[in-house]
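In case you want the letters, here they are:
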Amino acid sequence: MTNTYSFPNGFWWGSATSATQIEGAAGEGGKGKNIWDYWYETESNRFFDHVGPETTSDFYHRYKEDIRRMKEIGHNTFRLSISWARLIPGGSGEINQEAVTFYNHVIDELLENDIEPFVNLFHFDMPLELQEKGGWENREVVEAYANYAGECFRLFGDRVTKWFTFNEPIVPVEGGYLYDFHYPNVVDAKRAFQVAYNTMVAHAKAVDVFRKHEVQDGQIGIILNLTPSYPRSNNPADLRASRIADLFFNRSFLDPAVLGEYPQELMDILHEHGHLPQTEPGDSELLRANTSDMLGVNYYQPRRVKAKENLPNPYGPFMPDWFFDIYEMPGRKMNPYRGWEIYEKGIYDIMINLKENYGNIPSFISENGMGVQDEERFIENGEIQDDYRIDFIREHLKWLHQAIEEGCNAKGYHLWSFMDNWSWMNAYKNRYGFFSVDLETKERTAKKSAYWFKSVSENNGF
Ligand code: BG6
């Protein structure tokens, strides 16, 4: 069979997960508590259907069968994250040997099945003890993170070559410090920018440690959720609103991670409003010296932006939203089961931007996917007929293919996610997996998309 859309040799086909979302065993195997365990214990009503992080897909006990399933559907790569609180229960200090054994087994099992592990160090899961010391607001936590990263490179760097420092570092900033959807539920832009800044310093420190470890053939990068910003019109006010949204939500991480410095316009805005973060001597040099080798791009939806209709309230607290309004473009295509816009060309626009403005850094789609509520309604003959997900992936892949044709340096595509998983406050509301998971029995069942993706990865195209 000849493909209409063929991808470069060695293209990475796989899926992405994170420790807290799939492992389960939250109180087992010597794991320390992280902010999710704690927040659920104290405010379980904030979680969809009161379901907490203990009730996940139980990868901790079922990783062998899951890796067999990955192999069956043609994965050549798979992203997992290490749970910091499982490896170092207090966040700093003693290493938990049971965790070392667990991650060793998972990595070895993947390699034995010819699936390359992509390992991410932080996916929203701050160890509780460190959060109690101020979390990312405290520079000591930045040091603890660099230490933790070094331990991971030492323990697993003999086999893992693809490393990521953070997944979507903006989410703990937005969720934890701006819009109250993650613990510690602070709403304070000044503290938010400090958290964002310290996270990028932590990233650069981890890259520095990584390079000193000399992981053979190793590459290190970061995973960012890039949300292309589209203005409502070419009117200068809309263009400015869109540019500022891009500065706050994309470039505040993309520029330091890839170019090694913050955009001047962002710094000017923060300065003007008295929101510049505190820095330490040597930070700028550290950022400049430790840019990423590669980039993971999580793409779900664009951000459509228009100029503010009411002038910002000069007496209210400073927020990024002072500068723009969200524009609900008439006629946009929606995922009716999740309420997010579907705009496949966004993936192409991101890649072209990386090519033109970010040195065409090697990158890959590290998450893209379609969340669906009550997905059981699509079961026929015992299988979820998720043709909507197949269409979703196919149309995004077409645009990714187009970007590659035009010289973009895209290396792979990972779906979010391998199996249905626990998604923070949304718990099991939105299902994303190639495999569904029965929350009672933990039984996994392949959806139609799993077989479709198998044929795509086996043919390296479609
Ligand atoms: C991504 C995160 O942004 O979105 C994942 O990296 C998350 O951790 C996924 O699960 C889906 O989110 P939701 O809210 O639709 O379940």
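Residues numbered from 1 in each chain as written. Predicted model: local features only at pLDDT ≥ 70, side-chain atom pairs only at ≥ 80, totals over all residues.

## A few points about the pairing of strand S5 (residues 219-225)
Stated precisely, the cut-off is as follows: In this scheme every C-beta is placed from the backbone, and a residue whose C-beta has 20 or more other C-beta atoms within 10 Å is buried, one with 12 or fewer is exposed, and one in between is partly exposed. By definition, any uninterrupted DSSP run of H or I lasting at least four residues is a helix, any uninterrupted run of E lasting at least two residues is a strand, and each is numbered from the N terminus. Only when DSSP finds a minimum of two bridges between them are two strands counted as paired.
With respect to burial, S5 is a largely interior element, six of its seven residues being buried. Bridge count for strand S4 (residues 162-167) against S5 is four bridges, and the pairing is parallel. Residue pairing in the sheet places Trp163 in a bridge with Ile220 of S5. In terms of strand pairing, S5 meets strand S7 (residues 294-298) through five bridges, oriented parallel. Note that in S7 the partner of Ile223 across the bridge is Gly296.

## Let's talk about the sheet that holds strand S16 (residues 410-415)
Hydrogen bonds between backbone atoms are what pair the strands of a sheet, whose relative direction is either parallel or antiparallel. Rules: Between the N-to-C directions of two axes lies an angle of 0 to 180 degrees, each axis being a line fitted to C-alpha atoms and, for a helix, fitted only over the stretch in contact. Note that contacts rest on C-beta atoms placed from the backbone: two residues are in contact if these are within 7 Å.
With parallel pairing, eight strands are arranged side by side around a closed barrel as S1-S2-S3-S4-S5-S7-S12-S16. This sheet shows a mean twist of 30° between the axes of neighbouring strands, independent of strand direction. Across three bridges, strand S1 (residues 12-16) lies against strand S2 (residues 77-81) in parallel orientation. Each residue of the ladder has a partner; that of Ser15, found in S2, is Phe78. Docked against the sheet, helix H14 (residues 387-405) engages strand S12 (363-367) and S16, running at close to 170° with respect to S16.

## As for the site of the ligand
Definition in use: Near, for a residue, is defined by distance from a backbone-placed C-beta atom to a molecule or strand, with 6 Å as the limit that must not be exceeded. Polar here means any residue other than Ala, Val, Leu, Ile, Met, Phe, Trp, Tyr, Cys and Pro, which are nonpolar, and Asp, Glu, Lys and Arg, which are charged; Gly is therefore polar.
Around the ligand, a shell composed of 13 residues is seen, among which Glu168, Gly371, Ser423, Asn426 and Asn430 lie nearest. Of the residues assigned to the shell around the ligand, the class counts are one nonpolar, nine polar and three charged.

## Examining helix H5 (residues 97-112)
Put simply, the rule is: What a helix is expected to span follows from its residue count: subtract one and scale by 1.5 Å. Here, the arc refers to the directions that run from the helix axis to the C-beta atoms.
Taking 1.5 Å of rise per residue, 16 residues should cover 22 Å, and H5 covers 22 Å from first to last C-alpha, within 8% of that figure. When H5 is considered as a whole, its buried residues turn out to be Ala99, Phe102, Tyr103, Val106 and Leu110. On an axial view of H5, the arc spanned by its buried residues comes to 90°, and they lie on one face. Across from the buried face of H5, at angles greater than 90 degrees, the exposed residues are Gln97, Thr101 and Glu112. Looking at the packing, one finds that the buried side of H5 touches helix H3 (59-72), S2, helix H4 (84-87), strand S3 (116-120) and helix H7 (139-156).

## Structural notes on the sheet that holds strand S9 (residues 325-326)
A sheet is described by the order of its strands in space; here three strands give the open sequence S6-S8-S9, paired in mixed fashion. Across the chains shown, the open sheet's two edge strands, defined by having one partner strand only, are strand S6 (229-231) and S9. Note: strand S8 (residues 303-306) against S9, two bridges, orientation antiparallel. Counted as the bridge partner of Lys306 is Asp325 from S9. Packing of helix H10 (residues 236-259) onto the sheet brings it into contact with S6 and S8, and relative to S6 it is tilted by some 170°.

## Some details on the environment of Lys448
Take Lys448: it is sitting in helix H15 (residues 448-459). Here Lys448 falls in the partly exposed class, since 17 other C-beta atoms lie within 10 Å of it. Sequence separation between Lys448 and Gln385 is 63 residues, and the spatial gap between their C-alpha atoms is 5.4 Å. Among residues more than four places away in sequence, those in contact with Lys448 are Glu383, Ile384, Gln385, Asp386, Asp387 and Ile390.

## Looking at the UniProt feature "active site" (unreviewed entry) in the protein chain
Rules: UniProt positions are given in the numbering used here, feature names are shortened, and annotations may be inferred rather than shown by experiment.
UniProt records the feature "active site" (unreviewed entry) at Glu367, using the numbering of this structure. Examined against the element boundaries, Glu367 turns out to sit in strand S12. Excluding its chain neighbours within four sequence positions, the residues that come into contact with Glu367 are Ala16, Asn298, His414 and Trp416.

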